Structure formats: C-alpha cells, structure tokens
Amino acid sequence: MKCPVCVYYGWALTTVAVIHVSVGEMYTSLLNVKQAISVERKLIDYLRTYIDDELERLQDVKRFYAKVSNLHAELYKGPATAMSNPLVAFTLIKRLHSEWMNVVYSNEALENTQAFRSSYKEEEEDLPKLEDLQGAAKGLMRLQDVYALQVASLVRGRFQRVTDGEPSDIYLPVVSVPLSGDDCFLVGKVAYEQEDYYHSVQWLEESVRLFRGRGGEWSPENEGTLEDALDHLAFSHFKTGNVSYALSLSQELLHYDPLNVRVLKNVEKYEKLLVSSPPKSLRGGGLKRPSSTYLRTRNTYERLCQSHGSQQPAHSDNPRLFCDNFTNDDPRLLLLPVRREVLSLHPYVVLYHDFITDTEAQEIKALAQQGLRRSVVATGEKQATAEYRISKSAWLKGSEQSTVGRLDQKISTLTGLNVKHPYGEYLQVVNYGIGGHYEPHFDHATSPSSPVFQLKTGNRVATFMIYLSSVEAGGTTAFIYANFSVPVIEKAALFWWNLHRNGQGDEDTLHAGCPVLIGDKWVANKWIHEYGQEFQHRCSLNPEE
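Residues numbered from 1 in each chain as written. Predicted model: local features only at pLDDT ≥ 70, side-chain atom pairs only at ≥ 80, totals over all residues. Heavy atoms only, no water.

Among the six residues in strand β12 (residues 427-432), six count as buried, and that is most of the element. Neither face of β12 is left uncovered, since the one carrying L427, V429 and N431 and the one carrying Q428, V430 and Y432 both have all their residues buried. Sheet topology places strand β11 (residues 391-397) next to β12; six bridges connect them, and they run antiparallel. What sits directly across from W395, in β12, is Q428. Here β12 pairs with strand β21 (residues 522-529) via four bridges, running antiparallel. When the sheet's bridge partners are listed, Q428 is paired in β21 with N525. (Buried < 20%, exposed > 50% of the residue type's maximum accessible area, 1.4 Å probe, protein only. Helix = DSSP H or I, 4+ residues; strand = E, 2+ residues; numbered from the N terminus. Pairing = 2+ DSSP bridges.)

Read from one edge to the other, the open sheet built from four strands follows the order β13-β19-β16-β17, with strand pairing classed as antiparallel. Edge positions in the open sheet fall to β13 (438-441) and β17 (484-486), since each of these has one partner strand only. Averaged over all pairs of adjacent strands, the angle between their axes in this sheet comes to 15°, without regard to strand direction. Where β13 and strand β19 (residues 511-513) come together, two bridges link them in antiparallel fashion. Across the sheet, Y438 pairs through a bridge with G513, a residue of β19. (Axes fitted to C-alpha atoms, helices over the stretch in contact; angles between N-to-C directions.)

Right, let's get into the layout of surface pockets. Within this model, the second largest pocket holds a volume of roughly 980 Å³. Lining the second largest pocket we find 41 residues, and of these V377, A378, Y438, H441 and F442 sit closest to its centre. Listed by contribution, the elements that provide at least two residues to the lining of the second largest pocket are β8 (373-374), β9 (377-379), β11 and β13. Residue contributions to the lining of the second largest pocket peak at four residues, all from β13. Each residue belonging to the lining of the second largest pocket can be placed in one class, and the counts come to 18 nonpolar, 15 polar and eight charged. (1 Å grid on protein atoms, 1.4 Å probe; cavity = no way out; pocket = protein on both sides within 12 Å on 5 of 7 lines; lining within 4 Å. Points joined across faces, edges and corners; volume = space filled by probe spheres on them. Nonpolar A, V, L, I, M, F, W, Y, C, P; charged D, E, K, R; others polar.)

Our focus in this paragraph is helix α4 (residues 130-146). Helix length check: α4 (17 residues) gives 24 Å between terminal C-alpha atoms against 24 Å at 1.5 Å per residue, within 8%. The inward-facing, buried residues of α4 contact α5 (151-155), α6 (181-193), α7 (197-213), α11 (298-306) and β20 (516-519). Looking at the residues trailing α4, positive phi occurs at A148, about 50°. (Expected span 1.5 Å × (residues − 1). Contact = heavy atoms within 4.5 Å.)

Taken as a whole and judged by the stated rule, the model has 16 aromatic pairs. Ring geometry for Y50 versus F116: centroids 4.9 Å apart, planes at 15°, classification stacked. Residue Y50 is found in helix α1 (residues 30-75), and its partner F116 is found in helix α3 (residues 108-123); the two are separated by 66 residues along the sequence. With a relative accessible area of 25%, F116 lands in the partly exposed category. Geometrically, the ring pair formed by Y197 and F235 is edge-to-face, given 6.3 Å between the ring centres and 75° between the ring planes. Here Y197 is found in helix α7, whereas its partner F235 is found in helix α8 (residues 226-239), with 38 residues between them in sequence. Classification of Y197 as buried rests on a relative accessible area of 12%. Of the aromatic side chains, those joined through ring pairs into one cluster are F326, Y352, F355, F464, F495 and W497. Lying across the ring of F355, K410 places its NZ or CZ 4.9 Å from the centre. Over the face of the ring belonging to Y432 we find K521, whose NZ or CZ atom lies 4.6 Å from the ring centre. (Phe/Tyr/Trp six-rings, centres within 6.5 Å; stacked < 30°, edge-to-face > 60°. Lys NZ or Arg CZ within 6 Å of the ring centre and 35° of its normal.)

As enumerated under the stated definition, the model contains two cavities of 30 Å³ or more in all. The space that makes up the largest cavity amounts to roughly 150 Å³. Y432, Y438, H441, M465 and H511 are, among the 18 residues lining the largest cavity, the residues nearest its centre. Breaking the lining of the largest cavity down by element, the ones donating at least two residues are β12, β13, β14 (460-467), β19 and β21. Class assignment for the residues of the lining of the largest cavity results in eight nonpolar, seven polar and three charged.

Put into structure tokens, the structure is as follows:
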C-alpha cells in the first residue's frame, strides 16, 4: 500500500489541510490569481440575473408610463365632458393616490439590489483584498524597473524598453490588454501612498492623459477621476521639485473644483516658491530613480535579468565547460544517461536536462496546491514574509513509492548525495506571483541562529532546483557575483554547491530568481545538508579549499 504524500510548510513541518487563500496573498501565487477567474464567472452570472430582474422591473415602469401617456394623449385631450364620466374621474383619483405612489416607492429595485449584493457577499471571502491590489501594482512597478520597461508602452499592453533612443519590444505577448485611466491611477496611488514619487509621476501622468482623452468622463466602476489624478500628480511633481508643473496641474484642477480650499492654498504656495527661486522642470525624462539602500547588487542583478538567460558562460570561451551524457558511474543510468551541461566551475553549477517528466511535474504541482502558503525568509531565528520574495510554497513528503520519493532517488543517483530526511529537507514546491521574484540571496545559512540549523544536520551544502514549468519571459536564475544567468528550462534541474570543501559558504553562489514577466513559474527545491554526506562528499584536507 502506497503512503500518501503529505504536505508540510514552515520549519515546524506541520501537516496542513485545504483552506481558503490567506487574506491579501492572492497576488503572491499565479495559481490563486487563475482561480479568481472562476469567482468572476460567478459574479458575471449574478450580474446577468440582476440585469434581467431590473429589465423586467423597468418594463413594468415603461408599461405604466405608456398607459398614462396614452390617456393624456387621447382621453384627456377630448371634450371636457370626459371628466363628467364618474369612471374616468375615479380612475384618475385612484391613479394619483396609489398607482403613482406604488411606482415611486416600489421596493422592487431595492430588493433586486439587495439580492445582487447578497450573492456578491457569498463570494467575498475569495475576492482579492486591498493588499492584493497593492501587491499587484507593486509587481507591475517591479517589472517596470527590473526590465527597464516604458510605462507608456505597458499602458498600451506592450512590453517595450528604449534601445538606441527608440522603443523596442522585448516580448510580444499572445494575449494582452490596454490599461485604463483608472488602472493607472490605482498603480500611481499605491506609489504615492508610499511616498514613491518616481513611480507615481509616471503612472499618474498616463492616468491624466487617458482621463483627459475621455473628456473627464467618469464610469461607475472607477475609483478615481480626472480630478483625483490631477490632485495626486500635482503633489507628486511638487515633491520631485517640479513646482512649475505642479502649479499648472493645480490650476487645471481648480477649473473642475474652484472652491477647493486645499488646492487654492497649494496654488498660492507654489506661486510664492516660483517667485523666490527659479523654476525646476523635471519633465521629459528628468526623473531619477531612487538608489537602493538594501540591494547593493541592483545594477548587476537587473542586467542579468534583462539578458533573459542569454548571458551564460560560453563553452567555446572556456573549454573546461562542456556537455555530456552523464551516468555518475551508476548502473541505473547506463542505459538512459542524463544530459548534463556544466555551466560554471566557480561556483560549480550544472544543468541536467529532462530530469523530470511531464507527468511527474504535473503530479508534484497538484500535490502542492493544497498546501501553498506565502513564502518566508529567515530573519534571525524566525521567519517572515518579505517584499523581496513574492511567491507561495509548500513542502512535500512522500514514501519511496510516491512521485516525491522517486524524485529523491533520482536526485541521489545523479548527485551521489544522501537526500533522505533529515539530511535533505522535504521537497519545497514554489509558485511565483505577479512579478514574482526572489532578490539576491544565499541558500546556505550565513548566521548560526538561522532556522536552517533546526534540523541539526549542519548547513545546506547543495541545492537541487527543478523547473516544473516553462515561462514565456523573465524568471531566469541569476548568479550575481559569478555574472551569468540561466533561463527557465521546463523539466530541467539546476544543481550547485553552496559550501566550499572546508564548510564555509561560497559567496559566488549569491543568486536570485528574476521577476516573471509573462508566464506561470513553478520550481521544486531540494536542499541537501552537510551531515550524512561524510562518505559521499568528503571534506578536503586543505582548510583553504
């Protein structure tokens, strides 16, 4: 009898059950975003019912209107003796006393609205929260930054960056949508509320342009208006030093809201500032992206991400890099060797092609779905969510006969390492979200208080990462100090040593998961620890090695 695969999460390795998406974490996993499509389909059905009920109600109102209009067009325009007829007089009095009141004060419209709202509330638990909207907006801004994308192009549904002074497509998606003025307003507002005026200016500029293009016309589904966008954009320009343009936008806003006391005071303030000091104009590309205080390797990281995996060490440049059919001297691989590609020697990084089958990949993803939780990072002895890691993950444990168990055996055969728990951690399955990424980090622990040591089997000596899916663009694995990146290759696996032979961490393994531009990225990580490898991966007699 096969042992069922268990799902684990966190370092406590606690079994979990199927539950709803955690509050405000839908954006961290594309799987959850896809599941939201079915929720909106239900809302569409509810809206159709509401429209049908309202149309039926309005038909009754139109019928009453036609009846009364016809009476005034025909009967009441006739001889004055019409009112002498008691039947005509009675129907007029009755209609004015009760029929008009029943139409005017009908509860039918309210009942239709309440039924619609009640249906909506049934789905409310599975709807995105404010944090999801903010997270999705930040994801767009992250893609804008890392891939140097033009906001004006994103608004048109294109992924373009400026090359030699001209916009050029870095990827042409099969399916895309343009953004509305309200869409841009919400992205700009998220940046504005974080006092990130570099991004708020760019997105609010597009919002104002699009709202102006519609003559300031407002739609009931919109949160923002032209006035809102002008208000936020004016202050954003003021904060970036562009006082003259802030004044111009504020004066435009006063055309729509001439009695706005706050804006009137701003106009007075801006005018005084312009009199006391020369105007600064930052329009036309003068905005400067703020420097990063926490990501010292930002430039290298983004350059490697923009290469989309093309910046790999060339075999012709280094003859010690090679491809071969690898057996690891194991009889189980003699008849069916694995295609191995040595990508780097320092650090030692190897890509194993076609490591996993389509069926195995689909089964692993299916097993992980019920246990996906927001990915965490080590912060001292504890773990917490972080903006620099946007994904969800689950931990899988299985018997030797299960798919998870068979993958463990294949990893052990290829690497020659002992991957059984606790010498190897349970298989971690990760699904990335909107602009999902993991900024430069080490897999091995860099502090003795790290949760990595909770297994009491030493540090993470090696990483074995399996690509369970392909992506259309982005999502490469970038090795920062080693200066190369590896694209997502479906069914392949990436292996590298995290530690030197002397047990010290290899700083050249600093790596990152670049933001996913287009696609649904799934990976599985197997982290192998020092203990249990005494005879498989011996320490060197040279303490410097």
